[in-house]
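# A structural walkthrough
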Amino acid sequence: MSFRVSFGGGATEAEFLLSEGQLGEVSLAAMLAASTAFPWSRWRALLLDDPTQYNDLIHATALYDVLRNLVHLAGYQVFISTHDNEQAAFFRRKLDAVGIKCVDCRFRAHTPDGIEVDVQSASESSN
């Protein structure tokens, strides 16, 4: 996906002006807009890999507000993979504040029989 922006009387590619975090936000915004405007699937879901990795706290909070609203108001399911336990806990609290159920899956290890995971509901993970 390519975006052109006005700069200095001309236009240039956004990737030359924006940080990685800003590029991620622009790409995610375009994907979310397309997802809500063009329902190409009956499964209203988002699969996001570490969507706040390049964001500061203010931008991460804004993104989590948007995701929470998509779940709460538009019936989306959101799957987020992240290495940041604090960000995951923050998003769980955002969901819990409006009564949205959340499941926490923590991948612990690879074993000869497959992947070992711990699965907890929001109420179990906050204890």
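Anyway, here's the lowdown on the structure attached to this text. (Residues numbered from 1 in each chain as written. Predicted model: local features only at pLDDT ≥ 70, side-chain atom pairs only at ≥ 80, totals over all residues. Heavy atoms only, no water.)

Attention now goes to helix H3 (residues 85-97). Taking 1.5 Å per residue as the helical rise, H3 with its 13 residues ought to reach 18 Å, and the 18 Å between its terminal C-alpha atoms agrees with that figure. Among the residues of H3, Gln 87, Ala 89, Phe 91, Arg 92, Lys 94 and Leu 95 are the ones counted as buried. With a side-chain oxygen positioned 3.0 Å from the backbone nitrogen of Glu 86, the residue opening H3 is Asp 84. Once H3 ends, the next one or two residues include Gly 99, with phi positive near 75 degrees. (Helix = DSSP H or I, 4+ residues; strand = E, 2+ residues; numbered from the N terminus. Expected span 1.5 Å × (residues − 1). Buried < 20%, exposed > 50% of the residue type's maximum accessible area, 1.4 Å probe, protein only. Polar contact = N/O pair within 3.5 Å; in protein donor to acceptor, adjacent residues only side chain to side chain.)

Let us look at helix H2 (residues 57-74). Look at H2: 25 Å from first C-alpha to last across 18 residues, which is about the 26 Å you get at 1.5 Å a residue. Residues Ala 60, Leu 63, Tyr 64, Leu 67, Arg 68, Leu 70 and Val 71 constitute the buried set of H2. End-on view of H2: buried residues confined to an arc of 155 degrees, all on one side of the axis. More than 90 degrees from the buried face of H2, the exposed residues found are Ile 58 and Leu 73. Among the structural elements, helix H1 (20-37), strand S3 (45-49), strand S4 (77-81) and H3 are those in contact with the buried residues of H2. Of the residues trailing H2, Gly 75 is marked for its positive phi of about 75 degrees. (Arc of directions from axis to C-beta. Contact = heavy atoms within 4.5 Å.)

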